[in-house]
Every structure is written in structure tokens, then in C-alpha cells.
Amino acid sequence: MKAQSANTISHSDSIKNDFIHQIVAEDVKANKNEGRVVTRFPPEPNGYLHIGHAKSICLNFGIAAEYEGGKCYLRFDDTNPSKEDIEYVESIKADVRWLGYDWGERLRHSSDYFDQLYEYAIALIKMNKAYVCSLTTEQVKEYRGTLRDPGKNSPSRERSIAENLDLFARMKAGEFADGELVLRAKIDMAAPNIHLRDPIIYRLKKLPHQMTGDKWCIYPMYDFTHCLSDAIEDITHSLCTLEFEDHRPLYDWFLDTLNTSCHPQQIEFARLSLNYTVMSKRKLHELVENHHVSGWDDPRLPTLIGMRRRGYTPAAIRDFCDRIGVTKNDTSIEMGVLENCLRGDLDPKTPRVMAVLKPLRVVIENYPSGQVEQLEAPYHPNDASMGARQVPFSRVLYIEQDDFREVAPKKFFRLAPGREVRLRYAYFITCQAVIKNDQDEIVELRCTYDQETRGGSAPDGRKVKGTLHWVSEAHAITAEVRLYDRLFNQPHPGANGTDFKVALNPKSVEILPHSQVEASLANAKAGARYQFERQGYFCVDNVDSSEGALVFNRIVTLRDSWAKIEKANLGKKK
RNA sequence: UGGGGUGUAGCCAAGCGGUUAAGGCACUGGGUUUUGAUCCCAGCAUACCCAGGUUCGAAUCCUGGCACCCCAACCA
């Protein structure tokens, strides 16, 4: 059953019961807000979205979708033109859409409300709850006190309402230089919560804004803007991350003091953190700007645009967000969870093909030269409806270098001198000889095949332990394959005060320019996903791949129990 | 005694005074398998940060500790 419209994801089939869902459900049941559910996803357009944002997107859009008439706004929190850019606005919209969510008519910008916000500020001044402060930046800091010690009142605190009104109007009119004056809420300089010590609500910034152009030279601060924007949109539940918990009293103070008709409930949850990567905007910016990665869409990055390029699916990311849950616990999720979601989504619907990543030449000595057979190979072993294709078999093939060992270790089921294995959907072959070059490197295998085993099974019932993937040399296509691994080799890059960049994994990408893929891939389209049998899931790169010069990104490997055994063996030897 | 939070398995996470303390990932065994994949089956906390207390009964309530996270941008 799929109650899923073209652009909206249904969450009806998985009942979520985290504490936020519980609060919303109780509110609706109690008919709070007349039973409405209105949320918002409020990114600042100063960077690209990452998987941490996906958690918030899934939560906010997801909850709204669970209720009849539920709504979720996409609101750009664009109050700081010195950091924001239209480039980010477009990418954020694309990412939210890609994830599968639709904001319909509910695209907003905080800057849409600048006029109303200005009026609210004036109202505050008139109530004697805000004042224009002449302190310098340094003085503001000094007067604020410390975590332990209370602050002290600004000399500007006792300015008359009339003077404040006049000064604020002149700030707006551009009569002062940046930094000269600020508008502050008049709360309590001795408050134990630092955010309540007369927070700045407007500052001067003679900077054009991507939406409002030159109209303003004063811009409202987050705390003032956010709660009022929520109220203007009639948001019922304002979901944000834990670090804003301390801001909640301020959030409530503005709405209570201004007596807005709507007073949303701010609820905080823990942000996502994932092992072996970084999520902070500052760190991501640094990686991109200093070229530690190729750009915001580098497939190793946890950015949505990077994951999309890597081949990750929106469904897998949504599933991941469902599985990790929503709590206030400070946690870090293992990469394995994400990888498992990917495999789970990809396995049933991804066609299987054969590709030899690191080729080793194999000559079938008893196979007639010039002969070519077309062998049928299904696209999915458990789903015949996906069809099949013909793969050409001939005298000279490639197999994976890893699939041959001159001296086979314990439990190694693959090819070795004198050993027989199956070539998938083809024949049993036996290794007869190993050819080496002057450097003693293996360059070719000479094998024989058993004609009776066509298709891959022996009429006499004999078994082989290993099945290898292969391609025909004459028919295969050379392609570039990019093997991605975790970007960092420490679970928490930058932990205990170290520079997070020292944890960068030098082997986070391995480029194989001469992989050999089966001929059926000739027309593979950008973004198409395949399982390379026994290797993993791969996606045609949507930036660098072209017809005739295919580039594949590894999305995720298959589970590999042999790798585990081998690793355990290595451990024993040491 | 600045303020605000959080502590259930290796990683997440249910639990809301009476349960054999859900489930997922990971891990360990076993079965199926022409992918060492998938799938299936089984195992995996006498135990809930610690110490007291209340109660017939506590992961859930109370008291006191301890550990960790966040807050002193004219950032969001």
C-alpha cells in the first residue's frame, strides 16, 4: 500500500514514536492549535546541506505529512548577508526536492518579514523593552560578564523611548557606520542564562542582501528573527537542535513580550553525528576551500549533493533517518548503519552486471580461438522480472587479480594453480600455469575449461567452491572506476583538540582507470546504478562520465565475509 | 552550588511503577545459494552511570554523587 503522491513521501507505514512525535500527537489529540500541525525547515543559505540536515528535513516534513492538513515550510533564514549567497539557496532547494519532499506554496525567506520585524522592534522600543546601545563590540562583550559573573548595565540602557526611536530610525536610514550602534532587548544583565543579558537584536551592516537588495542596512539577529518568523507562519512546533535549548527562554520572551497571536513550541533534539566524517559547516567549508576534496559534490563528503553524486538513494537516506531515531542523547552513529540502509534499498532493485576492477588476463587454452559464445545472464538472481542479457565468452578473458593466489591461504575458495572454479554463468575452468614477467609479477594465467559445464554446472554433479566474475577481453569496455572509502580514518576527526585534517584518510579514493566492464554497459546513463557482482554497488558519475569514457563511483561494497576471514588471519600471523 | 542538557549492550534505541528489559546495526553460530551477496534460523544486558531511599514491587519515583555535552559572535 502506497499512500504516496508524486512529490510527497508517506510515512504512514512506519509508525514513529520518538518524543517529538509523542508531543505532537498529544497536542493534536488535545486539540492544541485547533489540531493543526505546522513545521518548518529553516536552513541558513550559507553552505550546502549535509546528511545532518536530512535528519531535520525528514523530521519536519515527515511529521507534517503524517497529519491531515499538516504543513511544512521551507524557510531560508537569511538575516546575515555577509555569509549568505543565492548559490546556496538553489542547492538547498534541489537537495530537499531530491530527498523527496515538497514545500508546495510554502517557500519563505526570513527576509520576507523584514518590514514586520522592524515594526516589532519599534513596538519593543515603545514598551521600553529595547534600546539603542552605543557600546563598542569589545565593550558589549565586557559588559556581558562571564559564565560565572553577572554582567552590568550598558550606559545606554536608560535612554528615553523617544531617543531610542529616533536613533533606531536613523540606523535604518543609514546615518551610522557599521558597528557604531546596535539595538538590544532590555532583559536582565544579571541573568544566569547569558542569552538573556540584553541580547542584540539588530545590527548595522551596509551590505546588499540577495533578496532585499539595498533596502536595508540594519539586519535582525537570529533570536529575534526566528521566533517571530515562526509566529508569522503560524508554526505549531518549532524543531531545532540541542544547542538552541539555552535560547528557548529568549524565544519565549520575544513572543510573550510582543504578545503574538501564535506562540509556537520550540522543541530541541540532538543533531546527527556520523563516525569517520565531519558535519560542521566550518569544517566542510575548509575541506572544500583548501581542496582536500574536489568540491561540495565530492562523493566522499556527507553533503547531500556529494552523496547524490556518489549514488546514494533518497530512500536509503530517509530509511537511515528513520532508523537512527530522534532523541536528546549526544550520539554518534556508525557508518555501518548508513551502508546497511543503502544495501537494503539497492539490493532488490539494482541490476547485476560483471566488471573486473583490477584485471588479470586468462587464456583458456583449450577454447578455440575466434569462437564466441553468448551466454545468458539474469540481471537479478532473485527476480526474474528484471530480465537477462547475453554476455560474450571467448578464449581470452579477464578475472579479478584478487581472485587468484599462487599460494592459496586457508579457506581461500578462488583460483589457484591446479584448482577448478566456476566462471559465473559460463564454465568451470582449471588453472594450468602462471605466466610472470621479468619483475616476477603475475601477468597471465593459462587455464583449461570443461566443455560439459556450460552455464556453470557440471553434469557429473561435481562442485566447485568458488564462483568468479569475468569479462571477455575482446568485448569488454575500459572504464574508470573510483573506489571510495571513508574520508577520515578516525571515528571522531578533531577529537581531543587535534586538527581534524590530520585524520584525513589518504586512501579515501582509489582511481582505477583501466577497469574492464561487460559490453552491455556501453550505453549506461549518468546516474544509473548497477551491482558489479561480488564487488558492490556502483553509479555512473554524473559529472565526469561520458559516452565512450564511462566513470563509475562505488556507492558501497557488498558485505564481504572473506575480507573478514582474511583480516582475522592477518591478525593471527602478527 | 553560573545556566541549560544527557546517561539502557560495541553503536543507535524502545521503555512512561508489575514486561522473560522491544527493535535495528555490529558480532557469533547454523541453513539455502552459480555473488564468500541476498534470504532464513538461532544466540547476543539477572541488567538500565554510581550510592542510598520510597514501595509488596523501581530502568521508571525521591535524595546525593559521578561522567559527558552545550552556552560568554554585532553567526545561525
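Residues numbered from 1 in each chain as written. Chains lettered and ligands numbered in written order. Predicted model: local features only at pLDDT ≥ 70, side-chain atom pairs only at ≥ 80, totals over all residues. Heavy atoms only, no water.

Looking now at the sheet that holds strand β2 (residues 71-76). Strand order in this open sheet of three strands is β1-β2-β3, and the pairing throughout is parallel. Looking at strand neighbours, the two that pair on one side only are β1 (38-41) and β3 (107-109), the edges of this open sheet. Within the sheet, the average angular offset between the axes of one strand and its neighbour, ignoring direction, is 35°. Note that β2 and β3 share three bridges and pair parallel. By the bridge assignment, Phe-76 is partnered in β3 with His-109. (Pairing = 2+ DSSP bridges. Helix = DSSP H or I, 4+ residues; strand = E, 2+ residues; numbered from the N terminus. Axes fitted to C-alpha atoms, helices over the stretch in contact; angles between N-to-C directions.)

Burial runs high along strand β24 (residues 536-540): five of the five residues are buried. Both β24 and strand β25 (residues 551-557) contribute to a ladder of five bridges, which runs antiparallel. Bridge assignment links Gly-536 to a residue of β25, and that residue is Thr-557. (Buried < 20%, exposed > 50% of the residue type's maximum accessible area, 1.4 Å probe, protein only.)

Okay, the domain arrangement of chain A next. According to the domain assignment, chain A consists of domain 1 (3-105 + 224-274 + 312-341), domain 2 (114-220), domain 3 (352-472) and domain 4 (478-573). A separation of 52 Å is found between the C-alpha centroids of domain 1 and domain 3. (Domains from an automatic or database assignment.)

Moving on to empty space enclosed by the protein. For the structure shown, the criterion picks out two cavities of 30 Å³ or more. There is about 50 Å³ of room inside the largest cavity. Together, Met-354, Val-391, Pro-392, Trp-470, Val-471, Ser-472, His-475, Ala-476, Glu-518 and Ala-519 line the largest cavity. Elements with a minimum of two residues in the lining of the largest cavity: β14 (388-393) and β20 (470-472). (1 Å grid on protein atoms, 1.4 Å probe; cavity = no way out; pocket = protein on both sides within 12 Å on 5 of 7 lines; lining within 4 Å. Points joined across faces, edges and corners; volume = space filled by probe spheres on them.)

In the vicinity of RNA strand B lie 69 residues, with Thr-79, Arg-352, Arg-414, Gly-455 and Arg-559 positioned nearest. Within 4 Å of the protein, the atoms of RNA strand B are drawn from sugar and phosphate moieties in a proportion of 65%. Between Tyr-222 and RNA strand B, the recorded distance is 3.0 Å, taken from a backbone N or O atom to a phosphate oxygen. Between RNA strand B and the protein, one listed contact pairs a sugar or linking oxygen with a side-chain N or O atom of Arg-323 at 3.1 Å. When contributions to the surface near RNA strand B are tallied by element, the ones reaching two or more residues are β6 (200-204), α11 (314-324), α12 (335-346) and α13 (561-573). Tallied by class, the residues present in the surface near RNA strand B amount to 21 nonpolar, 23 polar and 25 charged. (Near = heavy atom within 4 Å. Polar contact = N/O pair within 3.5 Å; in protein donor to acceptor, adjacent residues only side chain to side chain. Nonpolar A, V, L, I, M, F, W, Y, C, P; charged D, E, K, R; others polar.)

Here the focus is the environment of Asp-544. Relative to the helices and strands, Asp-544 is located in the loop between β24 and β25. Judged by its relative accessible area of 39%, Asp-544 is partly exposed. Remark: the alpha-carbon pair of Asp-544 and Glu-480, spanning 64 residues in sequence, is separated by 9.9 Å. In contact with Asp-544, not counting residues within four places along its chain, are Arg-309, Arg-482, Ala-549 and Val-551. (Contact = heavy atoms within 4.5 Å.)

On to the packing of helix α4 (residues 114-126) against helix α7 (residues 222-232), then. At their nearest, the axes of α4 and α7 sit 11 Å apart, and the two run at 115° to each other. On the basis of the axis angle, α4 is roughly perpendicular to α7. Crossing of α4 against α7: the hand is right-handed. On α7, the residues that touch Gln-116, Leu-117, Tyr-120, Ala-121 and Leu-124 of α4 are Phe-224, Thr-225, Leu-228 and Ile-232. Residue composition of the contact of α4 with α7, by class: seven nonpolar, two polar and no charged. (Parallel < 35°, antiparallel > 145°, perpendicular 65-115°, else oblique. Left-handed = near helix turned anticlockwise from the far one by under 90°.)

Counting through the fold element by element, Leu-59 comes out in helix α2 (residues 51-66). Owing to a relative accessible area of 5%, Leu-59 belongs among the buried residues under this scheme. Placed 484 residues apart in sequence, Leu-59 and Val-543 show a C-alpha to C-alpha distance of 31 Å. Beyond its immediate sequence surroundings of up to four residues, Leu-59 is in contact with Ile-20, His-21, Leu-239, Phe-269 and Val-326.

Let us look at the pattern of salt bridges. A side chain of one charge can pair with a side chain of the opposite charge when the charged atoms of the two come close. In total, this model carries 48 salt bridges according to the counting rule given. For the salt bridge of Lys-16 with Asp-322, the shortest nitrogen-to-oxygen distance reads 3.6 Å. Of this pair, Lys-16 sits in the segment before α1 (19-29) while Asp-322 sits in helix α11, and the two are 306 residues apart along the sequence. The partly exposed category is assigned to Asp-322, whose relative accessible area is 28%. We note a salt bridge from Asp-499 to Lys-501, for which the minimum N-O separation is 3.1 Å. Its relative accessible area of 36% is what places Asp-499 among the partly exposed residues. Residue classification places Lys-501 among the partly exposed positions, given a relative accessible area of 22%. Linked by salt bridges that have partners in common, Asp-297, Arg-309, Glu-480, Arg-482, Asp-541 and Asp-544 make up one network. (Salt bridge = Lys/Arg side-chain N within 4 Å of Asp/Glu carboxyl O.)

Its boundaries defined by the atoms lining it, the second largest pocket holds a volume of some 1,300 Å³. If you go around the second largest pocket, you meet 46 residues; those closest to its centre are Thr-241, Glu-243, Phe-244, Arg-271 and Lys-281. Looking at the lining of the second largest pocket, the elements that each hand over two or more residues are β1, α2, α7, β8 (237-241) and α9 (281-289). Tallying contributions element by element places α2 first for the lining of the second largest pocket, with four residues. Within the lining of the second largest pocket, the residues separate by chemical class into 18 nonpolar, 16 polar and twelve charged.

Phi angles above zero are rare outside glycine, and Tyr-276 is one such case at about 65°. Residue position: Tyr-276 is located in the loop between β9 (265-269) and α9. Of note, the phi angle at His-291 is positive, near 60°, even though the residue is not glycine. Its place among the elements puts His-291 in the loop between α9 and α10 (304-310).

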